[in-house]
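Chain by chain, the residues:
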Amino acid sequence: MDSVNMRGYIKNFSLDNCLYGNRGYNRVLLQLFGYAGHGKSCFINSCKYVVDDGPYKVYAKVAEAENAPKTMIRNAYKLTDTITLVDNRGCVIMDKKETGEIYAQLGNFLPLNCKVNWQTGFKDMMETLLNSERQDQLSDLIVPVLIYSAKCLLENEIQMKEILTEAKKITGLFPTVVLTHELSAHLSSIKEKFRQMGVKNMFSLENYTEEDHMKTRGKHETLLRCLQDIIKDVEFRMLEERDAIGERIDRKRILLEFAHKRELEKQQEKKKGVCPIL
Ligand SMILES: Nc1nc2c(ncn2[C@@H]2O[C@H](COP(=O)(O)OP(=O)(O)OP(=O)(O)O)[C@@H](O)[C@H]2O)c(=O)[nH]1
Ligand SMILES: [Mg+2]
C-alpha cells in the first residue's frame, strides 16, 4: 500500500466495522511505554504529522535532552476517531518500584491527563486499583508499544524480557517494539536482542523532530506502516470472543499479585538485613 492508502486505512479504521462488531470496546489505546528520553513524545508528534498530513505541530512536549525526563503526566492524544495515543511517564531505571507503576499505566488503571507518581508498596497499588473504579476506561482496548532508542545498548536483557512478558500478561498482546534513532550503529545488535526475546512486531525509524521535520517518503511510509500493522493486529484480535469486564478483572488480579510478590520480597530482604529493593 502507498502512503495515501495507508493513511485512509488508519483514519477509517473503526471497531464497529470489525467482522463481529466492537465486542464492547469503543476506543483503541496505543499505550507507549519505555525509558525516559527514548522518543515517546516525538513518536506521538510524528504519528500525528503523518496521519493528519498537515503542518508539523508539537502536541506532546519533547525533552530538551535525552537525560532530562519531560513527560510526568499521562497524557492522551487523539489520533483518529478510534485511536488514541497515550504518552505514559517514562522510567529512568526500570527498578521494581517503577515497573509496578508501568504495569498500572499499561493496565489503564491510572487516570489519563494526570500526574504519575512512582509508588512503592502494596497499599499504593491497592489504592490505585480502587481509585480506578471512578474512571470510565472500561471500553478501551489496550495495545502496548515499547519505544526504545537504538542508541542505548540493551544491557539488562533479563529485565527487559520480564517487562515484555508482564506487559503481554496484562494487555493480552505482546508489545510492538518501535526502535527510534535508527541511524545508530547499535541498531542491528539491538534488533537481534529483541528478536531473541520473542518480539515479532518491530519497527525501526527516525522520528520527525521540531528541528528536522522535512517530509520524506521513507519516514512517512515507515510510520504509517507501523500504525497500519498495529491496527491489523487489533482487527485480528477482534475476531476472538472478548469480555471487556472480565479482562479488566484479570488485569487487576495480575497487578495485585505483582505488588504482593514485591512486598514479600521486600520483607524478606529486610529480615536478611539487605538494603531492600524498592
Ligand atoms: N535523531 C533523533 N532524535 C530523536 C528521535 N526520537 C527522539 N529524539 C530526540 O530525543 C529527545 C527525547 O525525545 P522525547 O520524545 O522527548 O522522549 P520521551 O521518551 O518522550 O522522554 P520523556 O518524556 O522524558 O519520558 C528529544 O531531544 C528528541 O528530539 C529519533 O528517532 N531520532
Ligand atoms: Mg515524553
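Residues numbered from 1 in each chain as written. Chains lettered and ligands numbered in written order. Predicted model: local features only at pLDDT ≥ 70, side-chain atom pairs only at ≥ 80, totals over all residues. Heavy atoms only, no water.

A. Quick look at the overall build of the protein. Looking only at helices and strands, one finds eight helices and six strands in the protein. The linear arrangement of helices and strands in the protein, starting from the amino end, is α-β-α-β-β-α-α-β-α-β-α-β-α-α. A compact globule built from 278 residues would reach a C-alpha radius of gyration of about 19 Å, and the protein, at 19 Å, matches this within 12%. Along the first, second and third principal axes, the C-alpha atoms of the protein reach 60 × 45 × 35 Å. Long-range pairs, those at least 24 residues apart, make up 74% of the contacts in the protein with a sequence separation of at least 6. With an accessible surface of roughly 13,600 Å², the protein has 51% of that area assigned to carbon and sulfur atoms. Averaging the coordinates of the 42 positive side-chain charges in the protein and doing the same for the 39 negative ones gives two points 2 Å apart. (Helix = DSSP H or I, 4+ residues; strand = E, 2+ residues; numbered from the N terminus. Rg over C-alpha atoms; globule rule 2.2 N^0.38 Å. Contact = heavy atoms within 4.5 Å. Areas by Shrake-Rupley, 256 points an atom, 1.4 Å probe, with all protein chains shown as cover. Lys, Arg positive; Asp, Glu negative; His and termini not counted. Charge placed at Lys NZ, Arg CZ, Asp CG, Glu CD.)

B. Main features of the pattern of salt bridges. The tally for this structure, following the rule as stated, stands at 15 salt bridges. Note that Lys 193 is salt-bridged to Glu 157, the shortest N-O span being 3.8 Å. Taken together, the residues Lys 193 in helix α6 (residues 187–196) and Glu 157 in helix α5 (residues 157–171) connect sequence positions 36 residues apart. Its relative accessible area of 30% is what places Glu 157 among the partly exposed residues. Put simply, Arg 225 and Glu 221 hold a salt bridge, and the shortest N to O gap is 3.7 Å. Highlighted residues: Arg 225 and Glu 221, both in helix α7 (residues 217–237), separated by four residues, approximately one helical turn. Judged by relative accessible area, which is 38%, Arg 225 ranks as partly exposed. Each of the salt bridges in this network shares a partner with another, and the network as a whole consists of Arg 7, Asp 53 and Lys 215. (Salt bridge = Lys/Arg side-chain N within 4 Å of Asp/Glu carboxyl O. Buried < 20%, exposed > 50% of the residue type's maximum accessible area, 1.4 Å probe, protein only.)

C. How the structure looks around the side chain of Thr 222. Counting through the fold element by element, Thr 222 comes out in helix α7. Setting aside its immediate chain neighbours within four residues, Thr 222 contacts Ser 204 and Leu 205.

D. The arrangement of the sheet that holds strand β6 (residues 202–204) in detail. Read across the sheet, six strands follow the order β2-β3-β1-β4-β5-β6 without closing on themselves; strand pairing throughout is mixed. With partners counted over all chains shown, the strands left at the sheet margins are β2 (75–78) and β6, one partner each. Averaged over all pairs of adjacent strands, the angle between their axes in this sheet comes to 25°, without regard to strand direction. As judged from the seven bridges shared by strand β1 (residues 27–33) and strand β4 (residues 140–149), these two strands associate in the parallel manner. (Pairing = 2+ DSSP bridges. Axes fitted to C-alpha atoms, helices over the stretch in contact; angles between N-to-C directions.)

E. Up close: the nonpolar core. In terms of nonpolar packing, the biggest core is built from 40 residues, with Val 28 and Phe 43 touching the most fellow members. Within the residue set of this core, elements represented by two or more residues are α1 (3–12), β1, α2 (40–52), β3 (83–87), β4 and α7. Beyond its immediate sequence surroundings of up to four residues, Val 28 is in contact with Phe 13, Leu 15, Thr 82, Ile 83, Thr 84, Leu 141, Val 143 and Val 234. Judged by nonpolar contacts, the second largest core, of 33 residues, contains Phe 33, Tyr 35, Tyr 103 and Leu 146. (Core = buried A, V, L, I, M, F, W, Y, C linked by side-chain atoms within 4.5 Å.)

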